[in-house]
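Structural overview for review
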Amino acid sequence: MYYHVFTSKFGDIALLANEQGLTELSFQQGNVPIDIKAEYQHAPEKFTQVCEQLTEYFDGKRTEFDIKLAPVGTQFQKQVWQALQKIPFGKTSSYGELANSIDNPKAVRAVGTANGANKIAIIIPCHRVIGANKTLTGYAGGLDLKAKLLSLEGAEFKAK
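Residues numbered from 1 in each chain as written. Predicted model: local features only at pLDDT ≥ 70, side-chain atom pairs only at ≥ 80, totals over all residues. Heavy atoms only, no water.

Structural notes on the overall build of the protein chain
What the protein chain contains, in helices and strands, is five helices and four strands. For the protein chain, the succession of helices and strands along the chain, N to C, is β-β-β-β-α-α-α-α-α. Against the compact-globule benchmark of 15 Å for 160 residues, the protein chain has a radius of gyration of 15 Å, which places it among compact chains. Its C-alpha atoms give the protein chain principal-axis dimensions of roughly 40 × 30 × 25 Å. Looking at the protein chain as a whole, 46% of its 160 residues qualify as buried. Considering only contacts within the protein chain whose residues lie at least 6 apart along the sequence, 57% involve residues at least 24 apart. As presented, the protein chain carries roughly 8,500 Å² of accessible surface, and 48% of it is formed by carbon and sulfur atoms. For the protein chain, the distance from the average site of its 18 positive side-chain charges to the average site of its 16 negative ones is 8 Å. (Helix = DSSP H or I, 4+ residues; strand = E, 2+ residues; numbered from the N terminus. Rg over C-alpha atoms; globule rule 2.2 N^0.38 Å. Buried < 20%, exposed > 50% of the residue type's maximum accessible area, 1.4 Å probe, protein only. Contact = heavy atoms within 4.5 Å. Areas by Shrake-Rupley, 256 points an atom, 1.4 Å probe, with all protein chains shown as cover. Lys, Arg positive; Asp, Glu negative; His and termini not counted. Charge placed at Lys NZ, Arg CZ, Asp CG, Glu CD.)

Quick word on the packing of aromatic side chains
A full pass over the atoms with the stated rule returns four aromatic pairs. Summarising the aromatic geometry, the rings of F10 and F58 are spaced 4.9 Å apart at their centres and angled 25° between planes, so their arrangement reads as stacked. Taken together, the positions of F10 in the loop between strand 1 (2-8) and strand 2 (11-18) and F58 in helix 1 (residues 48-58) put the pair 48 residues apart, joining distant regions of the chain. A relative accessible area of 21% means that F10 is categorised as partly exposed. Taken together, a centroid distance of 5.5 Å and an interplanar angle of 45° make the contact between Y57 and F65 tilted. Judged by its relative accessible area of 0%, Y57 falls in the buried class. Ring-pair connections join several aromatic residues into one group, and the members of that group are F10, Y57, F58, F65 and F89. Here the basic side chain of K46 rests over the ring of Y2, its NZ or CZ set 4.5 Å away from the ring centre. (Phe/Tyr/Trp six-rings, centres within 6.5 Å; stacked < 30°, edge-to-face > 60°. Lys NZ or Arg CZ within 6 Å of the ring centre and 35° of its normal.)

Comments concerning the environment of I124
By the secondary structure assignment, I124 is in the loop between helix 4 (108-116) and helix 5 (143-153). For I124, a relative accessible area of 0% gives the class buried. Sequence separation between I124 and L84 is 40 residues, and the spatial gap between their C-alpha atoms is 6.2 Å. Excluding anything up to four places from it in sequence, I124 contacts L69, P71, W81, L84, Q85 and N118.

Let's talk about the side chain of T135
One can find T135 in the loop between helix 4 and helix 5. Taking the relative accessible area as the measure of exposure, T135 reaches 18% and is therefore buried. A polar atom in the side chain of T135 sits 2.6 Å from the side chain of N133. (Polar contact = N/O pair within 3.5 Å; in protein donor to acceptor, adjacent residues only side chain to side chain.)

Some thoughts on the pairing of strand 1
When you tally the buried positions in strand 1, you get five out of seven residues, the bulk of the element. As defined by bridge partners, strand 1 adjoins strand 2 across seven bridges and the pair is classed as antiparallel. Across the sheet, the residue bridging to V5 is A14, located in strand 2. Of the pairings in the sheet, the one linking strand 1 to strand 4 (residues 41-42) comprises two bridges and is parallel in character. Paired with Y3 across the two strands is H42, which belongs to strand 4. (Pairing = 2+ DSSP bridges.)

Purely geometric numbers; function is a separate question.
This is the structure we're talking about:
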């Protein structure tokens, strides 16, 4: 496993990858920082493209990512994460809308759980999922960060 910590204008972001692609991206100041284990190899050169694209995103110059991903999860989680990647920059979705998009409208709670299990923040944009009433719901990076990301994208939401 390879790692790098990228300093962004929104805080330190830990990145993990294996030979297949990026496996985790997390804000270290959030509720779920990445635990960088001693056996992980620090390899900033493996994250050049990720860091460039994140910088462009934070600078308002990128609306889509082109990064090789290797998320680890169940088939259902991966299905939800693929649906998350279809939510356009600047738009939001509710858990119900996301459940409908995967043709499983009764799976609203399971969709919420899968959304929360996403370990590749921003690139798999779980921050774009908000309540049906447009209010902010949980986010591993914290609701303040979620609001900042949605504001950066120009998305409509109601602050609590």
